[in-house]
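# Structural features, examined
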Amino acid sequence: MPSRFYAVIFDLDGVLADSEPWWNQIDAKLLAEYGVSYRGEYHRNVLGVSYRLAVEFYKNAFHISASVEELMRRRGEIATDFFANRVSLFPSAKMTLEQLREMKLPLAVATSSVGASARPLLDRTGIRSLFSVLITGDEVQQGKPHPDIYLRAAKKLGISPEACLVIEDSLAGIAAGKAAKMRVAAIPDTRFVDPREYEMKADYVIGSLSEIPVLIRRVNAGASEEQALR
């Protein structure tokens, strides 16, 4: 029987923020500046990965001469505008976060997005104050699927990785959470991915954010029962 959850760490893109459809527009705008016509055909290849891995993929796929650093900088500038003005939260996001805070669970965001794009969204949507910790992609050496960002979040929360539940929507993010020795609940976005791919990778596969409090109560109740029987 798994141990109790003492904290929850959220990915941002595609989990709290309904941003994945916008990323195709962000990347289309980026690539158009380098003479590439893009319609989102490689969305799955860059879903949930760090900015560096995403732009390295595009650079190689489209034979772009610009440096990775230039592409990363420009992608960040375009994303910042979209996140500050257009991207919205999923309908159940704020309510779910408030329920988890009522359960006395500290919350963190660990996102591959850079701080300049993530922070304006969190502030504009009024959820920044619900998080004890925010870690962005520009704060870690290696992005997802490496575990660095989740280990940093757990350290800042002061909670052991084994006691953290990660909420993710991408296979790269799930890999990062598992590499950090955390349990992962996946919310696959069926607009972009096949949920069956997630069942072998994540500890739990759920349909929406609103299922998270129920999942945590169930796991924590089971852990308490097992402890009482010892």
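Here, the structure is the one placed above.
All figures in this text were calculated on a predicted structure; none of them were measured in a lab.

## Quick notes on the nonpolar core
- Formed by 55 residues in total, the largest nonpolar core has its most connected members in F10, L16 and I167.
- The greatest single-element share of this core, amounting to six residues, is contributed by helix α4 (residues 68–85).
- For I167, the residues in contact, after removing those within four places along its chain, are V8, I9, F10, D11, V15, Y150, A185, I187, L209 and I212.

## Overview of the sheet that holds strand β3 (residues 133–136)
- In space, the six strands of this open sheet follow the order β3-β2-β1-β4-β5-β6, with parallel pairing throughout. The sheet is open, and its two edges are formed by β3 and β6 (204–205), each paired on a single side.
- Sheet analysis places strand β1 (residues 7–10) next to strand β4 (residues 164–168), joined by four bridges and oriented parallel. Within β4, the residue paired with V8 across the bridge is L165.
- Packed on one face of the sheet, helix α7 (residues 148–157) meets β1, β2 (107–111), β3 and β4 and runs near 155° to β3.

## Here we look at the pairing of β1
- Residues of β1 alternate between two faces, with A7 and I9 on one and V8 and F10 on the opposite face, all of them buried.
- By the bridge criterion, three bridges tie β1 to β2 in an arrangement that is parallel. Paired with V8 across the bridge in β2 is L107.

## Here we look at unusual backbone geometry
- P145 follows K144 through a cis peptide bond whose omega is 15°.
- Take P145: it is sitting in the loop between β3 and α7.
- The backbone phi angle of K104 is positive, close to 65°, even though this residue is not glycine.
- Here K104 is to be found in the loop between α5 (93–102) and β2.
- For K104, a relative accessible area of 73% puts it in the exposed group.
- Of note in this structure, K181 is not a glycine but carries a positive phi near 70°.
- By the element assignment, K181 lies in the loop between α8 (171–179) and β5 (183–186).
- Among the residues examined, K181 registers a relative accessible area of 58% and is labelled exposed.

Here is what the cut-offs are and how they apply
- Residues numbered from 1 in each chain as written.
- Predicted model: local features only at pLDDT ≥ 70, side-chain atom pairs only at ≥ 80, totals over all residues.
- Heavy atoms only, no water.
- Core = buried A, V, L, I, M, F, W, Y, C linked by side-chain atoms within 4.5 Å.
- Buried < 20%, exposed > 50% of the residue type's maximum accessible area, 1.4 Å probe, protein only.
- Helix = DSSP H or I, 4+ residues; strand = E, 2+ residues; numbered from the N terminus.
- Contact = heavy atoms within 4.5 Å.
- Pairing = 2+ DSSP bridges.
- Axes fitted to C-alpha atoms, helices over the stretch in contact; angles between N-to-C directions.

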